[in-house]
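Residues per chain are reported as follows:
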Amino acid sequence: MKVYIHSPFNGLKDLLTQKECKATNGEMIAIPLRVSPSCMIKDVIKIFLEKITEKIGLKAAPYRIEFSRESCELSGNFPQFRIHMLTEEDKFCALETPLDQYTEDRGDLFIKVKVLEKKSNDSVPSSTPEPETKIDTSEDEVEKRVKAFFTEAEKAKNEKKYKRLQECAKSALLLVDSESDGTGQNRLPLRTQANAYLAFVEFVNKRYENVIKILQPLPEIFQNNLLAGNFNQVTVFELLGDANYGKEKYHDSLGFFRKASNVLEKLKGPLPSTEFKTRRDMLEIKQAKCLLRMDGNEASAQRHAMQILSKAVNDQKPGTKLFSIASLELSQVYYQTGEIGKSLHTSLTALVQDATDKGLKREVSRLLGLHPQLVTAVISMLDSTPASSSSFSFIGTTLKEHSLVEQAKIFMKKSTEASKWAPEYVLNYVHLLELDRKYEDGLTECAEFCRLHKKSVVSVSGTSVSCEEVLIVLQAALNILSGKSASSEHEKKLREKRYKVESIKDEKLDVTLCRVSGAVDSETDYTYIGIDKIPTEKSRKKFSDAELNTLAIWFTVVKLLYLKGLLQFIPPLTALIEPVRVHQRLHLTLVRNEHAYYTLISQLMEYFDDLRFLRPRLTPNESLYVFGDSHSLPLAWKSFKLQGKDREIRPVLATGVKAWHLRKESNFYPKYAFFQGAESIPNNSQVLFIFCEIDCREALAKAVEEAKYISIEEGIHRVVDIYVDTLCELAEKRKFHIYVHPVLPVLDVTRQIVLRFNKILKKRVEEDNTKMIKWINLNILEDDEERVKIEYQLDGTHVNPAYFDLYKDQLRF
């Protein structure tokens, strides 16, 4: 994001160059900074001062910075002064908060700098009142301000903004510790709650040792302090129990859960009965889990644990958290005692009631993965339910999420059949086939859908496209794949026609049209097929779910044809689809991913001289494999000469893969897609890897916001290590000649993160002692790094194939 800081430049210049002036005087100038939305306000101040120093022409910063909670003080050989940051609406910017707290949708932010000269008596002229920075430590005021931080902390907790939660808890502790005795002992309930928030952040990020370190001193304080009896003690003991459970110290964990129960019992009166019962039952279930896992436990303890869990399943309402946790635990006990069918029935019944529970999903997937024969039993059970198609699809999706693709296919196919080939279920099944790189099978399924729904149409403002029209083109492509001759004169023309595709954009309407024209042969003129210009009227329509999913199937057909090298059949499909797609803002719908692939591929057609050749045209030994996410597609099927020989680029697509998915403990399906893609590449191949853009766009800033990492840099190093380690393993096992492509810095909002990522990735690759992987040096940006050079721009997200010429000479065959 960009931050525009409006600053009294002349005043600052005079101060920093040791001239006499009033810091509030001088011309206001706007200084743009490009920073991450997660950047702290105090870091923005540092960057801002560096820019000012640079603008003045000083080689070194002539000041020292000291940050208080609410302001920044500068001192040096000049009158000492303070800096405060305010938004355009004069909203005060706290130094320990990220930028995105002050702007919506991570757009540009405009900040005003209020510079106040610090007088010897620290007074402030009445004409420019300074925001209050002193902390009022009177009892009522302290408690009021601390509770305000807790209100903000609870909001951050619910939004999973754990870094913000940490900041609020630390600010609360700062207020508590500011009291005269310096210990905060007379504020123990407030101190306990603040520490509980800090420990919670560590717990959700599985840093169990940190939880214990934060909370361990508190139980002793509780024993010696009469003011300690409040509900936060229950939270402290429960978190200590959870942390020890995570460290597999079940005896210690049980002790803390029992202490939490004892304190809770004493608070029974003040607490609402429902809240008391929910908390009590949860602690009982947690104690039962410890009893079942403790070594050397007597049979009576095991029976007691089973009684607790069985009672919870019988008493709790299905779909509640307590019911799900107890059911999951019972399922695991049944499995350990050899009752596999009962185990699956228990976990599956609970999952139907609570479809979002990750533990239950993991358990059902584990059971069906270990015992494939149970699949038939589950199908029989679901076949008798009225909503069997949605049930089959749900189980299939659950199995897919855990990379059990073969089992998932069975359920997805059943959902398709049970729904009589409803488009949403067909689409899910086709995407599952994509994971296994069964592109021809996917096209066949799409053709069958169109055949069964020939008369289904998608219409916009009197223009309609039917499944039957799409099927004609799709069947012609499938006939080529199966080696069949053209079945009609029309199909023969589809095979032989020369096509051109042009992307035309209307900046005012913010819409792009892929305009298709065709010619029978090289002697005839090209004529437009479909619409030849962008409609000036925005005829927008709210599509039904069936229409959206039908469009998504057509979009996926285009994607699969591209991956199979059947480029000739993409323009006629584009000509059919564009009239009902333009102006529809499909990037805001549930089919946005399918739409994104369709628009990218349709625009790439413009860069091919002749689409009629079936790809690939060269052997694997003469090919460069480009393996990556959607950013690999602009290079697909490109022909080029290297060292005097013809070469061709073959695409290996792994949709949605983050480097983070490739860590050892992950079993999420993008990891499966990655290794399926790698498996499809012959040994000893030249492979160009293009990944990590999704890590930069979606994951890193979010991970910092969730307090998984202290900084973006820490997250980058973690992701880079996972990625490079994976590539080195592939190079060793498969004898790949690997080239590491930089992440493409196309998007404005993530460009700075991407540039930092590439710097760290390059260093890591070049430090690899095995020399099995090679970094590709590449720069597609203008000199100011503000935008992609115009000759490489495509759709605002990807670059066009011309950029390959920048680095092809770095390849060696």
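Before reading on, note that the structure itself is shown above.
Residues numbered from 1 in each chain as written. Predicted model: local features only at pLDDT ≥ 70, side-chain atom pairs only at ≥ 80, totals over all residues. Heavy atoms only, no water.

**Here we look at the overall build of the protein**
For the protein, the helix and strand inventory stands at 28 helices and 17 strands. Counting over 813 residues, the protein shows a buried share of 52%. If you take every contact in the protein between residues at least 6 apart in sequence, the share linking residues at least 24 apart comes to 67%. Roughly 38,300 Å² of accessible area belongs to the protein as shown, and the carbon and sulfur atoms make up 48% of that amount. (Helix = DSSP H or I, 4+ residues; strand = E, 2+ residues; numbered from the N terminus. Buried < 20%, exposed > 50% of the residue type's maximum accessible area, 1.4 Å probe, protein only. Contact = heavy atoms within 4.5 Å. Areas by Shrake-Rupley, 256 points an atom, 1.4 Å probe, with all protein chains shown as cover.)

**Concerning the pairing of strand E14 (residues 645-653)**
Most of E14 is tucked away, with 7 of its 9 residues classed as buried. Here strand E12 (residues 623-628) pairs with E14 via 6 bridges, running parallel. Looking at E14, one finds that Val-626 is bridged to Pro-651. (Pairing = 2+ DSSP bridges.)

**Describing the sheet that holds strand E10 (residues 511-519)**
With antiparallel pairing, the 3 strands of this open sheet are ordered in space as E9-E10-E11. A strand with exactly one partner marks an edge of an open sheet, and here the two such strands are strand E9 (498-506) and strand E11 (527-529). Across the sheet, the mean angle separating the axes of adjacent strands is 40 degrees when strand polarity is ignored. As judged from the 9 bridges shared by E9 and E10, these two strands associate in the antiparallel manner. Residue pairing in the sheet places Ser-503 in a bridge with Cys-514 of E10. (Axes fitted to C-alpha atoms, helices over the stretch in contact; angles between N-to-C directions.)

**A look at the environment of Glu-209**
With respect to the element layout, Glu-209 can be found in helix H6 (residues 208-215). Separated by 31 residues in sequence, Glu-209 and Leu-240 have C-alpha atoms that sit 9.8 Å apart. Of the polar contacts made by the side chain of Glu-209, one reaches the side chain of Lys-247; its length is 2.6 Å. (Polar contact = N/O pair within 3.5 Å; in protein donor to acceptor, adjacent residues only side chain to side chain.)

**Some remarks on the packing of aromatic side chains**
One pass over the structure, following the stated rule, counts 19 aromatic pairs. When the centroid spacing of 5.9 Å and the interplanar angle of 50 degrees are considered together, the rings of Phe-203 and Tyr-208 count as tilted. In this structure Phe-203 comes out as partly exposed when scored by relative accessible area, which is 24%. Ring geometry for Phe-627 against Phe-689: centres 5.3 Å apart, planes inclined by 55 degrees, an arrangement best described as tilted. (Phe/Tyr/Trp six-rings, centres within 6.5 Å; stacked < 30°, edge-to-face > 60°.)

**Remarks on the pattern of salt bridges**
Counted under the stated rule, the structure contains 41 salt bridges. A salt bridge links Asp-748 to Arg-751; the shortest N-O distance between them is 2.9 Å. With relative accessibility at 45%, the residue Asp-748 sits in the partly exposed group. With relative accessibility at 1%, the residue Arg-751 sits in the buried group. Here the salt bridges do not stand alone but share partners, grouping Glu-238, Asp-242, Arg-279 and Lys-286 into one network. (Salt bridge = Lys/Arg side-chain N within 4 Å of Asp/Glu carboxyl O.)

**Observations concerning helix H14 (residues 358-370)**
Look at H14: 18 Å from first C-alpha to last across 13 residues, which is about the 18 Å you get at 1.5 Å a residue. Here H14 has its buried residues at Gly-359, Leu-360, Lys-361, Glu-363, Val-364, Ser-365, Leu-367 and Leu-368. Tucked into the core, H14 has its buried residues touching helix H12 (321-336), helix H13 (340-353), helix H15 (374-383), helix H16 (388-401) and helix H17 (405-418). Where H14 begins, one side-chain oxygen reaches toward the backbone nitrogen of Gly-359, 3.1 Å away; that side chain belongs to Asp-357. (Expected span 1.5 Å × (residues − 1).)

**Describing the packing of helix H8 (residues 231-246) against helix H10 (residues 273-293)**
Direction vectors running N to C along H8 and H10 enclose 25 degrees, while the axes themselves pass 12 Å from each other. Judged on the interaxial angle alone, H10 and H8 are roughly parallel. The two elements H8 and H10 cross, and the hand of that crossing is left-handed. Mapping the contact onto sequence places Phe-231, Val-234, Thr-235, Glu-238, Asp-242 and Tyr-245 in H8 and Glu-275, Arg-279, Met-282, Leu-283, Lys-286, Lys-289, Cys-290 and Arg-293 in H10. Partitioned by chemical class, the residues of the contact of H8 with H10 number 6 nonpolar, 1 polar and 7 charged. (Parallel < 35°, antiparallel > 145°, perpendicular 65-115°, else oblique. Left-handed = near helix turned anticlockwise from the far one by under 90°. Nonpolar A, V, L, I, M, F, W, Y, C, P; charged D, E, K, R; others polar.)

**Overview of the packing of H17 against helix H18 (residues 423-435)**
For the pair H17 and H18, the least separation of the axes is 9 Å and the interaxial angle reads 160 degrees. Comparing their axes, H18 and H17 come out roughly antiparallel. The interaxial crossing formed by H17 with H18 has left-handed handedness. Here Val-405, Ala-408, Lys-409, Met-412, Lys-413, Ser-415 and Thr-416 of H17 come into contact with H18, specifically with Tyr-425, Val-426, Asn-428, Tyr-429, Leu-432, Leu-433 and Leu-435.

**Structural notes on the environment of Lys-497**
On the secondary structure map, Lys-497 appears in the loop between helix H21 (489-496) and E9. On the basis of relative accessible area, Lys-497 is assigned to the partly exposed category, the value being 24%. Between the C-alpha atoms of Lys-497 and Pro-572, which are 75 residues apart in sequence, the distance is 9.9 Å. Apart from residues lying up to four places away in sequence, Lys-497 is in contact with Gly-518, Ala-519, Ile-529, Gln-568 and Arg-612.

**Some details on the nonpolar core**
Of all hydrophobic cores here, the largest spans 63 residues; its most connected members are Trp-554, Leu-561, Tyr-562, Met-605 and Leu-633. Sorting elements by how many residues they give to this core places helix H22 (residues 545-563) first, with 12 residues. The next biggest cluster of nonpolar side chains, apart from the first, holds 44 residues, and it includes Phe-222, Phe-237, Val-263 and Leu-330. (Core = buried A, V, L, I, M, F, W, Y, C linked by side-chain atoms within 4.5 Å.)

**Re a positive patch on the surface**
A cluster of basic residues, Lys-160, Lys-206, Lys-358 and Arg-362, forms a positive patch at the surface. Looking at where Lys-206 falls in the secondary structure, it is placed in the loop between helix H5 (188-204) and H6. (Patch = residues over 30% accessible without salt bridge, like charges linked within 9 Å, V, L, I, M, F, W, Y side chains within 5 Å. Lys, Arg positive; Asp, Glu negative; His and termini not counted. Charge placed at Lys NZ, Arg CZ, Asp CG, Glu CD.)

**Describing unusual backbone geometry**
The omega angle of the peptide bond from Arg-615 to Pro-616 is -5 degrees, so this bond is cis rather than trans. Within the fold, Pro-616 resides in the loop between helix H24 (592-604) and E12. Positive phi, close to 60 degrees, is recorded for Lys-735, a residue that is not glycine. On the secondary structure map, Lys-735 appears in the loop between helix H27 (712-734) and strand E16 (737-740). The partly exposed category is assigned to Lys-735, whose relative accessible area is 47%.

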